[in-house]
Amino acid sequence: MPHSSGGGFHGGGFHSGGGFHGSSSSGGGGTRYSNRPFAGANRYYYYRGRRLRYVYADGPYNKDGSGFAIIITILSFLIIFIGLLAPGIKDFNNEKIDSKSDIGIVIEDNANILEDTDELYKVFEDFYDETGIIPALLTVKHSEWKHVKIGNTSGTLSRYAYSAYTKRFKDEYHWLIVYSVDDEGAEGFAWEGMQGNYTDPVLTKGAADAFGRRLHKNFESGEYSVEGSLIEAFEYLTPRILRGFWDFDIIGPALVVVAISVVTVPILVGVMLKNKRFKNAKKWEPWYKEDVCEECGRPVVKGAMSDCPFCGAYVPRI
Ligand SMILES: [Zn+2]
């Protein structure tokens, strides 16, 4: 069964994709660290090289364990990223479809709005030669489909395009574009693409979206006729389609994940390095006293150690 390849209408935009609301995860366990004392903080001391350093923390001192959490976080970012990107990559390296249908390119101008279709036939043929997909164009007036009510709901162009497709084409190799205008000649238009199932490997969502955005812009610009808009969009699509298109519905969220990672990973790595540096930090007790070793002159903590960590000399308590 054919299915929509996108569409749009004047006044509204081309509908493409939803948003993605990412949330970043924080690596800290809620403990605040600082190089300066602050309210509620305990003091810790550690050696860095030959110097005695202090760090202040207000919560349980987490010597390690957070490194593991950070690695898990980074790994999940990578997994999410690869998972999101993989289907987008699949879009590439397409091959021409071996369509077994009779080629008879259909341009049906029921709304009587096309002026010159010679060039349009040509770009349709070029597209067929490149892809094996048979493009078709049908123009209609809004009354053709709006009055086809189902219950209280007015008909949709999408439903009309579906039935127009199945009536005309018994295969799944066609790509029908329906362009609809107002009966009274008022401004405004609607369009809908309907693609057969066998066109999917080449006319991917990424390709159909890229084409749809371009076509819709052409229709809206007023610069082109209806056929001119299609010619321009097909001339863009045909040379590119077998190379594949990025699917922005997939790439978009992946880029958000990358952006989040770019911000959070350095922070997490920073926390990890900081934790590593403080790994040997010990709690400072009020009766401790910083002094220098009588033997080697390097810093020692009286009350906390009985031997100098550098030369092993005895360190008196006071
Ligand atoms: Zn010493």
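Check the entry above for the structure.
Notes on unusual backbone geometry
Okay, so step 1: Not every positive phi belongs to a glycine, and N112 is a case in point at roughly 55°.
Okay, so step 2: Within the secondary structure, N112 sits in the loop between β5 (107–109) and α2 (118–131).

A closer look at the pairing of strand β8 (residues 189–195)
Okay, so step 1: Extensive coverage of β8 is indicated by the burial of seven of its seven residues.
Okay, so step 2: Neither face of β8 is left uncovered, since the one carrying F189, W191, G193 and Q195 and the one carrying A190, E192 and M194 both have all their residues buried.
Okay, so step 3: Bridge analysis of strand β7 (residues 174–181) against β8 gives seven bridges, and the strand direction is antiparallel. Bridging from a neighbouring strand, L176 pairs with M194 of β8.

Digging into the nonpolar core
Okay, so step 1: I133, A161, L176, V178 and A207 are the most contacted members of the largest nonpolar core, which has 44 residues in total.
Okay, so step 2: Of all elements in the fold, only α2, β6 (134–141), α4 (157–168), β7, β8, α5 (205–221) and α6 (226–237) reach the threshold of two or more residues within this core.
Okay, so step 3: In contact with L176, not counting residues within four places along its chain, are A136, L138, A161, A164, Y165 and M194.

Considering the sheet that holds strand β2 (residues 33–34)
Okay, so step 1: Pairing in this open sheet of four strands is antiparallel, and the strands run β2-β4-β3-β9 from one edge to the other. Across the chains shown, the open sheet's two edge strands, defined by having one partner strand only, are β2 and β9 (282–283).

Section: the packing of α5 against α6
Geometry of a packed helix pair, given as the angle between the helix axes and the separation of the axes.
Okay, so step 1: Look at α5 against α6: their axes get within 9 Å of each other, and the N-to-C directions meet at 150°. The pairing of α5 with α6 is recorded here as roughly antiparallel in orientation. Note on packing geometry: the crossing formed by α5 with α6 is right-handed. Each of A207, F211, R214, L215, N218 and F219 in α5 lies in contact with α6, whose residues at this interface are S229, L230, E232, A233, Y236 and L237.
Okay, so step 2: Of the residues in the contact of α5 with α6, the class split is eight nonpolar, two polar and two charged.

A few points about the pairing of strand β3 (residues 42–48)
Okay, so step 1: Relative to strand β4 (residues 51–57), β3 runs antiparallel, the two sharing seven bridges. Looking at β4, one finds that Y45 is bridged to Y54.
Okay, so step 2: The loop that links β3 with its antiparallel partner β4 comprises two residues; one of these, G49, has a positive phi angle of about 65°.
Okay, so step 3: Sheet topology places β3 next to β9; two bridges connect them, and they run antiparallel. Its bridge partner being in β9, Y44 is matched across the sheet by K283.

Structural notes on the sheet that holds β6
Okay, so step 1: Read from one edge of the open sheet, five strands run β1-β8-β7-β6-β5, paired in mixed fashion. For this open sheet the edge positions go to β1 (3–9) and β5, each flanked by a neighbour on one side alone. On average, each strand axis in the sheet is inclined to that of its neighbour by 10°, with strand direction left out of account.
Okay, so step 2: Contacting β1, β6, β7 and β8, α4 runs over the sheet at an angle of about 135° to β7.
Okay, so step 3: Lying over the sheet, α5 contacts β1 and β8, oriented at roughly 25° with respect to β1.

What counts and how
- Residues numbered from 1 in each chain as written.
- Predicted model: local features only at pLDDT ≥ 70, side-chain atom pairs only at ≥ 80, totals over all residues.
- Helix = DSSP H or I, 4+ residues; strand = E, 2+ residues; numbered from the N terminus.
- Buried ≥ 20, exposed ≤ 12 C-beta atoms within 10 Å, placed from the backbone.
- Pairing = 2+ DSSP bridges.
- Core = buried A, V, L, I, M, F, W, Y, C linked by C-beta atoms within 7 Å.
- Contact = placed C-beta atoms within 7 Å.
- Axes fitted to C-alpha atoms, helices over the stretch in contact; angles between N-to-C directions.
- Parallel < 35°, antiparallel > 145°, perpendicular 65-115°, else oblique.
- Left-handed = near helix turned anticlockwise from the far one by under 90°.
- Nonpolar A, V, L, I, M, F, W, Y, C, P; charged D, E, K, R; others polar.

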